Amino acid sequence: SSLQLSNEERVDLMNEIAHKYIRVSSDDSYAYSNKALILAQEINYEAGQSRAIYLQATTDYLLSKTFDAIEKYEEALRIAEAINSSLNKAAAYNGLGLCYTRLNNKDKGLINIHKALEEAEKTDDELMLTSMLANIGWFHMQEENYDLAESHFFRLAKLGDEQKDE
């Protein structure tokens, strides 16, 4: 009895494998996200395309190919906006924020990280929301804006307490 996956499920699975490999093997991560992208394009599965391109951008970011990463994050964002996927928009904005921060364009970095938080707040994905709060808190710590950092870390802690109570 073999498990039959739909094409969309196959795309999601390849993207998930790409995500798991992202810090282990950039080559394997890129290969899986590329397979996911090709299939997602063939079946016109835009959420899968956006995720695959996002994962490729993240691989580029981790390899310090920051300008390539920005191009891909922007492409992932365009698709996410077209299908109004807050989860994919949050991921792409976050990636852009990290890239611009790395390039010392801190204003543009912060704008994008705040957009990521806004989109994350529209989802029920608590991992995404906690990641965005942590990133903004970290950003403000780097800038020595301790009150702002504290407010985001406080929200993060409160979210953690709420999760424990459930």
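This text goes with the structure placed above it.
Residues numbered from 1 in each chain as written. Predicted model: local features only at pLDDT ≥ 70, side-chain atom pairs only at ≥ 80, totals over all residues. Heavy atoms only, no water.

Participant: When you look at the packing of aromatic side chains in this model, what are you seeing that I'm missing?
Facilitator: The description of an aromatic ring pair uses the distance of the two centres, along with the angle that the planes make with each other. Using the criterion set out here, one finds two aromatic pairs in the structure. Here the aromatic rings of Tyr21 and Tyr32 are separated by 5.9 Å at their centres, their planes lie at 10°, and the arrangement is stacked. Highlighted residues: Tyr21 in helix H1 (residues 7-21) and Tyr32 in helix H2 (residues 26-42), separated in sequence by eleven residues. Overall, the relative accessible area of 26% leaves Tyr32 in the partly exposed class. Here the aromatic rings of Tyr54 and Tyr73 are separated by 5.7 Å at their centres, their planes lie at 45°, and the arrangement is tilted. Residue Tyr54 is located in helix H3 (residues 46-62), and its partner Tyr73 is located in helix H4 (residues 66-82); the two are separated by 19 residues in the primary sequence. For Tyr73, a relative accessible area of 2% translates into the label buried. Its end group placed over the ring of Tyr32, Lys35 keeps NZ or CZ at 5.2 Å from the ring centre. Positioned above the aromatic ring of Tyr61 is the side chain of Arg102, whose terminal nitrogen or guanidinium carbon lies 3.7 Å from the ring centre. (Phe/Tyr/Trp six-rings, centres within 6.5 Å; stacked < 30°, edge-to-face > 60°. Helix = DSSP H or I, 4+ residues; strand = E, 2+ residues; numbered from the N terminus. Buried < 20%, exposed > 50% of the residue type's maximum accessible area, 1.4 Å probe, protein only. Lys NZ or Arg CZ within 6 Å of the ring centre and 35° of its normal.)

Participant: What is the right way to read H2 from this model?
Facilitator: Three- or four-residue spacings in an α-helix give side chains the same orientation, since the helix completes a turn every 3.6 residues. The terminal C-alpha atoms of H2, which comprises 17 residues, lie 24 Å apart, in line with the 24 Å expected from a rise of 1.5 Å per residue. Those residues of H2 that sit buried are Ser29, Ser33, Ala36, Leu37, Leu39 and Ala40. Of the surrounding elements, those touching the buried residues of H2 are H1 and H3. Looking one or two places after H2, you find Asn44, whose phi comes out positive at around 60°. (Expected span 1.5 Å × (residues − 1). Contact = heavy atoms within 4.5 Å.)

Participant: Can you walk me through a nonpolar patch on the surface in this structure?
Facilitator: A contiguous nonpolar surface patch, about 400 Å² in accessible area, is contributed by Trp138, Met141, Tyr146 and Phe153. Going through the elements one at a time, helix H7 (126-142) and helix H8 (146-165) are the ones with two or more residues in the nonpolar patch. Positionally, Met141 belongs in helix H7. Judged by its relative accessible area of 39%, Met141 is partly exposed. (Patch = residues over 30% accessible without salt bridge, like charges linked within 9 Å, V, L, I, M, F, W, Y side chains within 5 Å. Areas by Shrake-Rupley, 256 points an atom, 1.4 Å probe, with all protein chains shown as cover. Salt bridge = Lys/Arg side-chain N within 4 Å of Asp/Glu carboxyl O.)

Participant: Can you walk me through H4 in this structure?
Facilitator: Compared with the 24 Å implied by 1.5 Å per residue over 17 residues, the 24 Å span of H4 between its first and last C-alpha is a close match. Residues of H4 that are buried include every one of Thr66, Ala69, Ile70, Lys72, Tyr73, Ala76, Leu77, Ile79 and Ala80, and no others. Looking at the packing, one finds that the buried side of H4 touches H2, H3 and helix H5 (86-102). One or two steps after H4, the chain reaches Asn84, where phi turns positive at roughly 55°.

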